[in-house]
Structure formats: C-alpha cells, structure tokens
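Residue strings, one per chain:
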Amino acid sequence: MNILLWHVHGSWTTAFVQGPHTYLVPVTPDRGPDGLGRARTFDWPASVREVTPEQLATEPVDVVLLQRPHEWELAERWLGGRRPGRDLPAVYLEHNTPDGKVPRSRHPVADRDDVILVHVTHFNRLFWDSGSTRTEVIEHGIVDPGHRYTGRLARAAVVVNDPVRRGRFTGTDLLPALSEAAPLDVFGMRTDALTAHLNLSTDRCRTQDLPQARLLAALAERRLYLHPVRWTSLGLSLLEAMHLGMPVVALATTEAVEAVPPGAGTLSTRPEELARAARHYLNEPEAAREDGHRARRAALERYGLPRFLSDWERLLTEVRS
C-alpha cells in the first residue's frame with residue numbers, strides 16, 4: 001500500500017515504517033510541522049518517501065493516516081480534492097491523553113462514521129469520549145535496541161521534552177526532591193533551562209539533548225530509569241529503557257501501571273516511595289540488573305515490533321478492502 005502520514009512523532013513513526021508498505025511523508029521547503037519530511041535522527045528505511053504538496057495532488061494513495069485535527073483539511077487540499085474517509089480510506093491515530101475537562105473529554109473525531117480512531121493505549125481510549133466512532137487500541141511497538149544495560153553510572157535517567165513549559169504534567173516539580181535520592185541526568189529537547197529553573201546544582205541535575213542513537217547508549221549507562229510523569233500518554237522512552245534492560249521507577253499514573261509489571265521496578269503514587277526505590281537501586285546494582293532483565297522480557301513480550309506491525313497490518317488490510 002501507499003500510506004500517507006505526516007511526520008509528527010519520530011519514535012512512533014520509526015516503528016510504523018518498518019512494515020512492508022510505501023510511506024509517503026509530506027515535505028515543505030521550510031520543513032515545518034506540516035512538512036518535516038524524513039527523520040534526521042532516526043533510522044528510517046528507503047520505503048519512506050518524501051513528497052511535496054504538489055506531488056501529492058496526483059500521487060496514488062491507498063490509506064491516509066491522520067494524527068492531528070487540521071490534517072483533514074490539509075489532506076483534502078494537498079490530495080487534489082480527494083477527501084479522507086470519503087474518497088480514500090482513513091484512520092485517525094491518537095497519541096495523547098485528553099488535555100482539559102477530564103473525564104468529559106470529547107475527541108475531535110467523535111461520532112464520525114468515515115474513520116477508525118486508533119489509540120496507542122487502553123488508558124487513552126478509556127479517557128477520551130469518542131461517541132459512536134469505532135475505536136481500536138494498537139499498543140506501541142519498539143525497534144529493539146538490544147540488551148545494552150551496564151548501569152555503571154550511579155545516576156537516574158529521565159527523558160522529557162519541554163520540562164519547564166510542561167511543568168506538573170511531566171512531574172518537573174518532583175525532580176528537586178528526587179534528585180536528593182539519586183542524581184539526575186535529564187535528556188530531551190529544550191531542557192537547557194531546567195537546572196536554573198529548579199535552582200539545582202549540576203551535581204544533582206544535568207541536562208543534555210542527544211540524537212536517538214546516542215541517547216539510547218547514554219541511557220544504558222545509567223543505573224535506573226525515572227519516570228515522574230503525572231499526565232501524558234505512555235512515553236516511548238520508558239519502553240525503550242525497558243528494552244535496554246533498565247529497571248524502572250515511575251509514578252503509577254496513566255498507562256505506566258500496565259506497562260511496568262511487578263519485578264521490573266517500582267510504581268507508586270507517593271514520590272517518597274520513588275525516592276526510596278531510586279536509593280535502593282543506587283546502593284544495590286545487582287538488584288537493579290535483575291529487575292532490568294525482567295523489564296526487558298516484559299517489554300519484548302508486550303511491545304515487541306512483530307506484534308505491533310501485525311496489529312497494524314490487520315487493520316490497514318481491513319480499511320483498504
């Protein structure tokens with residue numbers, strides 16, 4: 001199939017484009033949000049083709065994968081008047097938890113009969129009000145980076161983008177207390193102002209923005225993965241850390257309670273319990289290694305790439321028929 005999708009979420013798309021199809025990714029001269037084109041920091045196969053809006057007007061398309069509300073209008077305009085859901089089969093992928101008026105959160109495609117709404121977690125489907133629209137859950141898949149954990153650095157790794165702006169959503173306010181239990185290395189985009197924002201020394205909190213390949217190597221050197229997120233969809237960095245063989249210390253919120261099984265780390269709604277678990281891993285590296293082994297096994301079983309691609313192949317085949 002020729003599948004049209006915008007480059008919105010680099011990690012998720014990296015898994016999706018490992019399938020057997022041709023993936024048409026819009027590109028614009030400015031490579032803005034609606035025309036990023038191919039990823040520059042992820043490894044995408046040659047089956048991902050960049051297409052300009054002008055090329056899309058006559059490009060054969062079998063399925064349109066929408067991810068943002070404005071893409072309905074954008075797709076119809078760039079596809080030369082072909083309307084997703086009417087002239088072309090359409091799937092709407094929802095990456096995020098609802099933001100505002102939870103649990104009375106009306107989804108943008110609620111009560112539509114021309115699209116299938118796919119959520120990436122069961123938590124998201126539960127909390128979005130989708131009305132009569134058909135919904136499916138296809139859980140995340142991860143391109144396995146391999147069991148690379150060493151844990152040689154007695155520090156906790158955190159991965160988050162925009163921690164200052166997102167604040168309580170990502171648990172930024174919890175980091176000062178947690179940094180007293182374990183020194184933190186916070187990786188992600190726009191993290192450079194975090195240390196000053198929290199008034200922390202660089203001994204207690206360091207920040208860095210790394211490309212994906214270097215990020216995974218850096219994570220594997222840290223003793224544990226810390227996930228202090230209050231309200232967001234299931235972070236792919238959490239699943240990547242588990243694939244690496246890292247033990248997890250996480251708030252027991254959203255889908256994390258499903259993703260991290262007993263024995264793979266510590267989940268709690270009490271920050272002081274997360275601090276206790278972080279200290280435990282710092283002082284007991286063998287316990288960290290053993291729990292990391294269990295985290296990897298669980299991640300491979302539930303979030304392995306073959307299952308993910310199989311689920312999507314089933315749905316895409318149905319939608320196209």
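Structure's up top.
This text gives an overview of the structure that appears in the document. Just so you know, these numbers come straight off a predicted model, no measurement behind them. (Residues numbered from 1 in each chain as written. Predicted model: local features only at pLDDT ≥ 70, side-chain atom pairs only at ≥ 80, totals over all residues. Heavy atoms only, no water.)

Moving on to the sheet that holds strand β4 (residues 63-66). Strand order in the open sheet made by the 7 strands is β3-β2-β1-β4-β5-β7-β9, with parallel pairing throughout. A strand with exactly one partner marks an edge of an open sheet, and here the two such strands are β3 (48-51) and β9 (135-137). When strand polarity is set aside, the average angle formed by the axes of neighbouring strands in this sheet is 25°. Against the sheet, helix α13 (residues 305-320) contacts β1 (2-5), β4, β5 (90-94), β7 (116-119) and β9, and its axis sits at roughly 145° relative to β5. (Pairing = 2+ DSSP bridges. Helix = DSSP H or I, 4+ residues; strand = E, 2+ residues; numbered from the N terminus. Axes fitted to C-alpha atoms, helices over the stretch in contact; angles between N-to-C directions. Contact = heavy atoms within 4.5 Å.)

This paragraph deals with the pairing of β5. For β5, a buried count of 5 out of 5 residues is recorded, marking the element as mostly surrounded by other parts of the structure. Covered by surrounding structure in β5 are A90, Y92 and E94 together with V91 and L93, the residues of both alternating faces. As paired elements, β4 and β5 share 3 bridges and run parallel to each other. Looking across to β5, one finds that V64 is bridged to A90. Handedness of the β4-helix α3 (residues 71-78)-β5 crossover: right-handed. (Buried < 20%, exposed > 50% of the residue type's maximum accessible area, 1.4 Å probe, protein only. Right-handed = clockwise from strand over helix to strand, strands pointing away.)

Time to look at the pattern of salt bridges. Evaluation of the coordinates by the stated rule reveals 31 salt bridges. Note that R106 and D111 form a salt bridge whose closest N and O atoms lie 2.1 Å from each other. Here R106 falls in the partly exposed class, since its relative accessible area comes to 45%. Between R168 and D173 there is a salt bridge, with its nearest N and O atoms 3.6 Å apart. Among the residues examined, D173 registers a relative accessible area of 35% and is labelled partly exposed. (Salt bridge = Lys/Arg side-chain N within 4 Å of Asp/Glu carboxyl O.)

Nothing here speaks to function; it is geometry throughout.
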